Amino acid sequence: SAHALAAQEGERQRIARELHDEIGQSLTVVLLGLKRAADRAPDDLREELHTVQETVRSSLDEVRQVARRLRPGVLEDLGLQSALSALSSDFSAVSGVPVTRRVDPGLPALSGDVELVLYRIAQESLTNVARHARATRVELSLTAQAGDLTLRITDDGRGGALQEGAGIRGMRERALLIGARLTLASAPGGGTDVRLVIPDAAERS
Ligand SMILES: Nc1ncnc2c1ncn2[C@@H]1O[C@H](COP(=O)(O)OP(=O)(O)OP(=O)(O)O)[C@@H](O)[C@H]1O
Ligand SMILES: [Mg+2]
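Residues numbered from 1 in each chain as written. Chains lettered and ligands numbered in written order. Predicted model: local features only at pLDDT ≥ 70, side-chain atom pairs only at ≥ 80, totals over all residues. Heavy atoms only, no water.

**Examining the site of ligand 1**
Inference 1: Surveying the vicinity of ligand 1 reveals 16 residues, the closest of which are Glu124, Asn128, His132, Gly165 and Ile168.
Inference 2: Between ligand 1 and the protein, one listed contact pairs a nitrogen atom with a side-chain N or O atom of Asp155 at 3.0 Å.
Inference 3: Here Thr192 contributes a side-chain N or O atom positioned 3.4 Å from a nitrogen atom of ligand 1.
Inference 4: Elements supplying a minimum of two residues to the shell around ligand 1: helix H5 (112–133) and helix H6 (166–177).
Inference 5: Tallying contributions element by element places H5 first for the shell around ligand 1, with six residues.
Inference 6: Grouping the amino acids of the shell around ligand 1 by side-chain chemistry returns five nonpolar, seven polar and four charged. (Near = heavy atom within 4 Å. Polar contact = N/O pair within 3.5 Å; in protein donor to acceptor, adjacent residues only side chain to side chain. Helix = DSSP H or I, 4+ residues; strand = E, 2+ residues; numbered from the N terminus. Nonpolar A, V, L, I, M, F, W, Y, C, P; charged D, E, K, R; others polar.)

**Here's the deal with the side chain of Glu115**
Inference 1: Note that Glu115 resides in helix H5.
Inference 2: Sequence-distant contacts of Glu115, that is, excluding residues within four places in its chain, are made with Leu75, Leu80 and Leu110. (Contact = heavy atoms within 4.5 Å.)

**A word on the confidence of the model for the protein chain**
Inference 1: Here the protein chain averages 87 in pLDDT, and 92% of its residues register 70 or above.
Inference 2: At the level of individual helices and strands, the protein chain shows its lowest average pLDDT in helix H3 (residues 73–78), which scores 75, and its highest in strand S5 (residues 192–198), which scores 98. (pLDDT = per-residue confidence, 0-100.)

Rendered as structure tokens:
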């Protein structure tokens, strides 16, 4: 059932992302096109174009609402810090590997998009540790320095060259979505270090 839930969650997330990014983006383009057309249209037509504009605008709002509803409830219910803490204890309970967590107090307020990316990358990294690393310890930290926010997940497992699969590709896509940098370092025998740096995180809340 954990797998089924994870699959369902992943699917919801994918749909939410597509709704928000693809359809939201297309509708925004339509809206801008309509505005340009309305600006140059003769009076009788302008009225009609404004009506269409309003319809598109409310569709855009609906799309965003649906996307928001599809987001993981745990983030909304608990907030990022508690959601990360729940993620860590679930991971430890399943894998038997303890997680040392360090979250800076007084992190800047973050937008929902940024929180979701942080949560998902932490989630995939821990899943990878459980599946591939044979680690005995994991560290998860979320720290702020000079406006940059850094999420790090390190393990002391077997490391080794990472053949990037769908999991890591997904992390890269998510990082890209919010203009963050994702780096993975994994030396054979030297554990794995996943690092996400969000520049100027405070300014995008
Ligand atoms: N913490 C880790 N320790 C050791 N190897 C890792 C670790 N994380 C990832 N890997 C290696 O990198 C590969 C790619 O990871 P990725 O998450 O992209 O795919 P996956 O976990 O195999 O499958 P999925 O697409 O379901 O996530 C893994 O198959 C594994 O060999
Ligand atoms: Mg994976």
